[in-house]
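# Working through the structure, step by step
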Amino acid sequence: MQSSKAPAPMEVEIAPREQKSEGTLPAKPKFEPLKAHEMSDGRVQFRKVSVPPHRYSPLKKAWMEIYTPVYEQMKIDVRMNLKARKVELKTRSDTPDVSNLQKCADFVHAFMLGFDVIDAIALLRLDELYVESFEIKDVKTLRGEHLSRAIGRLSGKGGKTKFAIENATKTRIVIADTKIHILGSFQNIKVARDSLCSLILGSPAGKVKRQFSGNRKARKKFILDDAQSNSFVLITISRS
């Protein structure tokens, strides 16, 4: 038999929500940046740069110009190992950044390649500078008088061609026998390298210089045309 009584409704108890009390969370931690010796678990990092025989005397003359920015500004210890003929660099406890060690090594290496201290010190101040090296035989195999003439085309009379390329591309170039070293940004190194390769392949220096002047004229013409077009647009807008 079915009961005539209706089922009793199910009782549900609602638990009161816990109110979050303000000020109970801990304060945001503040960590000081890690120093160079702390990133490497307290181990000292080293770099060694070999000194070629022909750069030993220039290094002795310019030692204080190299030592001062490396030790005082970059906070890197530096010394000359006379027995091994190498410049040794290492980090200190107060070195602000680990990358300073590699920058100093690149700076010393650029000086060993033949760059002046004034030019090589830009590697310490700017992050987008590089040194690229290549040999004449990488472009074209030359021997004897052909090689001598190619080196003469690269430097020019009194170094005029080399200086013209440096000024046009905002780079520094060192021609050491058959090796060529270029210091500058990535794009500028590419332009300077293309010009030097053209000279190695036999292009006269005048043709390479005209290319630079042509590029400057084209750039000026583009700027003038752009300015004229903008002024034309402004005039039409004001008339409307």
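As named in an unreviewed UniProt entry, the protein is K Homology domain-containing protein, taken from Populus tomentosa. Under Subcellular location (unreviewed entry), UniProt gives the following word-for-word description of the protein: "Nucleus, Nucleolus". Quoted verbatim from the Sequence similarities (unreviewed entry) field of UniProt, the annotation for the protein is "Belongs to the PNO1 family."

## Things to note about the side chain of Arg 55
Tracing the sequence through the fold places Arg 55 in the loop between strand S1 (46-50) and helix H2 (56-61). Look at Arg 55: it is buried, it has no salt bridge, and the nearest opposite charge is Asp 116 at 6.1 Å. Dropping the residues within four chain positions of it, Arg 55 is found in contact with Phe 111, Met 112, Gly 114 and Phe 115.

## Thoughts on helix H4 (residues 99-113)
Here H4 spans 21 Å end to end across 15 residues, near enough to the 21 Å set by a 1.5 Å rise per residue. When H4 is considered as a whole, its buried residues turn out to be Asn 100, Leu 101, Cys 104, Ala 105, Phe 107, Val 108, Ala 110, Phe 111, Met 112 and Leu 113. Positioned one or two residues after H4, Gly 114 has a phi angle of 125 degrees, which is positive.

## Observations concerning the pattern of salt bridges
What the rule picks out here adds up to ten salt bridges. The partner of Arg 172 in a salt bridge is Asp 119, with the nearest N and O atoms 3.5 Å apart. Pair noted here: Arg 172 is in strand S5 (residues 172-176) and Asp 119 is in helix H5 (residues 117-120), with a separation of 53 residues, a long-range link. For Glu 145, the salt bridge is made with Arg 149, and the minimal N-O distance between the two is 3.7 Å. A residue pair is termed a helical-turn pair when its members lie 3 or 4 positions apart in one helix, as Glu 145 and Arg 149 do in helix H8 (residues 145-155) at four residues. With a relative accessible area of 60%, Glu 145 lands in the exposed category. Each of Asp 77, Arg 92 and Asp 94 takes part in salt bridges that share partners, so that together they form one network.

Conventions used here
Residues numbered from 1 in each chain as written. Predicted model: local features only at pLDDT ≥ 70, side-chain atom pairs only at ≥ 80, totals over all residues. Heavy atoms only, no water. UniProt positions renumbered as here; feature names shortened; annotations may be inferred. Helix = DSSP H or I, 4+ residues; strand = E, 2+ residues; numbered from the N terminus. Buried < 20%, exposed > 50% of the residue type's maximum accessible area, 1.4 Å probe, protein only. Lys, Arg positive; Asp, Glu negative; His and termini not counted. Salt bridge = Lys/Arg side-chain N within 4 Å of Asp/Glu carboxyl O. Contact = heavy atoms within 4.5 Å. Expected span 1.5 Å × (residues − 1).

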